[in-house]
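Listed below are the residues making up each chain.
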Amino acid sequence: MSILVTGAAGFIGAYTCQALAARGERVVGLDNYNDYYDPQLKRDRVAALCPQVDIRTLDLTDRDGLAALFDEVQPTRVVHLAAQAGVRYSLENPHAYVESNLVGFVNVLELCRHRGVQHLLYASSSSVYGDSATPPFSEDQRVDRPRSLYAATKAANELMAYTYAQLYGLPATGLRFFTVYGPWGRPDMAPLLFSRAVLAGRSIEVFNEGRMRRDFTHVSDIVAGILGALSQPSAEPTPHQVFNLGNHTPVELEHFIEVIATAAGRPAHKIYRPMQPGDMVETMADTRRAHAAFGYAPRTPIETGLPPVVQWCREYFGSAA
Ligand SMILES: NC(=O)c1ccc[n+]([C@@H]2O[C@H](COP(=O)([O-])OP(=O)(O)OC[C@H]3O[C@@H](n4cnc5c(N)ncnc54)[C@H](O)[C@@H]3O)[C@@H](O)[C@H]2O)c1
């Protein structure tokens with residue numbers, strides 16, 4: 001009865017490994033430690049959060065290596081979090097998304113199918129809602145108008161998992177995460193970018209002239225959702241489900257920046273920029289489905305979740321913030 005976590009050195013992956021290990025599960029992780037952002041941060045994160053977890057260095061596109069790992073570990077459940085993340089980078093390097101998120105995803109699906117995995121849980125994203133949905137986003141709204149290739153790969157993952165569930169009876173659950181933040185977070189995302197810039201007295205770029213609302217979700221709430229989804233078997237006729245995991249409380253970007261500035265004890269110098277291609281103006285999760293299925297109830301407002309992120313940036317990045 002072991003659980004394989006992919007993307008285990010990543011932001012959400014390392015916290016997931018930590019929580020599973022704390023629950024006494026047998027966990028094995030994999031990660032390719034790529035340099036989309038500093039791999040040293042990934043190593044330090046693992047050392048801080050889940051040093052006891054066995055994490056192998058492996059790329060999802062290495063089919064033989066992945067098959068050998070499945071044979072060795074014989075996971076009954078797979079939490080698939082490894083992906084090329086980031087909306088803006090998908091405009092610059094589309095092939096990274098095709099390789100990790102499409103080729104890599106099929107490799108995971110195939111092994112789950114052939115090795116009899118009992119439940120595949122995988123990371124989708126709020127970005128699948130793209131141009132079609134109106135907030136609050138609920139799982140039955142359309143997701144066929146993505147605004148970026150990143151979003152397109154995540155929507156494709158949902159279709160691929162649905163197909164495997166239909167054809168081969170592989171129970172699969174997609175989790176649409178909404179802008180996740182916390183200590184040890186991703187340095188390419190606004191919470192860390194803004195915190196570090198404010199701490200260092202640098203100006204921050206604020207897109208769409210600040211007229212943006214995001215459903216920022218604390219990583220502890222996301223991990224609680226992952227654990228909840230993992231323990232509930234698929235209940236639908238076709239064993240594929242998707243759930244929003246968000247905070248259900250969109251926050252104005254200007255307020256978000258204010259909270260950071262207050263925690264940093266320094267003013268934020270803002271440079272207003274137009275909307276970036278691929279971005280969404282507002283995200284907001286309707287979380288009723290996850291609540292009904294496994295009691296998902298996010299409990300962290302940014303006023304309590306964000307100051308520790310600023311503090312962590314101060315400690316981790318020091319004068320290099
Ligand atoms: N953080 C968010 O706000 C957010 C929002 C929506 C969806 N997601 C999704 O959640 C998942 C985890 O995101 P995260 O924020 O922890 O990102 P992350 O980049 O910190 O973690 C992903 C990890 O996967 C690894 N990885 C990437 N490609 C790989 C490959 N081909 N083989 C092996 N390992 C590979 C990376 O090295 C990284 O450590 C991703 O699927 C992401 O798309 C995240």
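Every chain is numbered independently, its residues counted from 1 as its sequence is written. The predicted origin of the model limits local features to residues at a pLDDT of at least 70 and limits the giving and counting of side-chain atom pairs to 80 or more, whereas totals for whole chains, interfaces and linings rest on all residues. Excluded from the side-chain calculation are hydrogens and water; included are all heavy atoms of the structure.

Chemist: Before we go on, may I ask you to explain the pairing of strand β1 (residues 2-6) in this structure?
Modeler: Regular strands show a simple pattern: their side chains alternate between the two faces of the sheet. Classification of residues uses two cut-offs on accessible area relative to the type maximum, computed with a 1.4 Å probe and protein chains only: under 20% is buried, over 50% is exposed, and between them is partly exposed. Every helix listed is a DSSP run of H or I at least four residues long, and every strand listed is a run of E at least two residues long, numbered separately from the N terminus. When you tally the buried positions in β1, you get five out of five residues, the bulk of the element. Covered by surrounding structure in β1 are Ser2, Leu4 and Thr6 together with Ile3 and Val5, the residues of both alternating faces. As judged from the five bridges shared by β1 and strand β2 (residues 26-31), these two strands associate in the parallel manner. Looking at β2, one finds that Leu4 is bridged to Val28. Crossovers are marked right-handed if the path from the first strand over the helix to the second runs clockwise, as seen with the strands pointing away from the viewer. For the handedness criterion, the β-α-β arrangement of β1, helix α1 (residues 11-22) and β2 is classed as right-handed. Between any two strands, at least two bridges found by DSSP are needed for them to pair.

Chemist: Honestly, the site of the ligand in this entry has me stumped. Any pointers?
Modeler: The environment of the ligand is made up of 30 residues, and the closest members are Asp31, Tyr37, Tyr150, Lys154 and Val180. We call two N or O atoms a polar contact when they sit within 3.5 Å, provided that within protein one can donate a hydrogen and the other can accept it, with sequence-adjacent residues counted only if both atoms are side-chain atoms. With respect to the ligand, the backbone of Phe11 contributes an N or O atom lying 2.9 Å from an oxygen atom. One nitrogen or oxygen atom from the main chain of Val180 is found 2.8 Å from an oxygen atom belonging to the ligand. Where the shell around the ligand is concerned, the elements lending two or more residues are α1, β2, β5 (119-125) and α6 (149-168). Of the residues forming the shell around the ligand, the biggest block, three residues, is contributed by β5. Note on residue categories: nonpolar means Ala, Val, Leu, Ile, Met, Phe, Trp, Tyr, Cys or Pro, charged means Asp, Glu, Lys or Arg, and polar means any other residue, Gly included. Taken together, the residues that form the shell around the ligand break down as 17 nonpolar, eight polar and five charged. A cutoff of 4 Å decides nearness: a residue is near a molecule or strand if any of its heavy atoms lies inside that distance of it.

Chemist: Sorry, what's going on with the domain arrangement of the protein chain here?
Modeler: Accessible area lost when the parts come together is the quantity often used to give the size of an interface. Domain limits in this description derive from either an automatic procedure or a database domain assignment. As far as domains go, the protein chain holds domain 1 (3-178 + 218-245) and domain 2 (181-215 + 248-283 + 299-320). Computed over C-alpha atoms only, the centres of domain 1 and domain 2 are separated by 25 Å. Taken residue by residue, the interface counts 28 residues in domain 1 and 22 residues in domain 2. The term buried area denotes the loss of accessible surface (1.4 Å probe radius) that occurs when two parts are joined, taken as the sum for both partners. Between domain 1 and domain 2, a total of about 2200 Å² is buried, with carbon and sulfur atoms accounting for 60% of that surface. Here a salt bridge means any side-chain nitrogen of Lys or Arg lying within 4 Å of a carboxyl oxygen belonging to Asp or Glu. Applying the counting rule to domain 1 against domain 2 returns one salt bridge. The partner of Arg88 in a salt bridge is Asp279, with the nearest N and O atoms 2.5 Å apart. Connecting domain 1 to domain 2 are 11 residue pairs in polar contact (both at pLDDT 80 or more). When residues of the side of domain 1 that touches domain 2 are traced back to their parent elements, those giving at least two are α1, α2 (39-49) and α8 (219-231). When residues in the side of domain 1 that touches domain 2 are grouped by element, the largest group, six residues, is from α2. Looking at the side of domain 1 that touches domain 2 residue by residue, the class counts come to 15 nonpolar, eight polar and five charged. Residue contacts are counted whenever heavy atoms from the two residues lie within 4.5 Å of one another.

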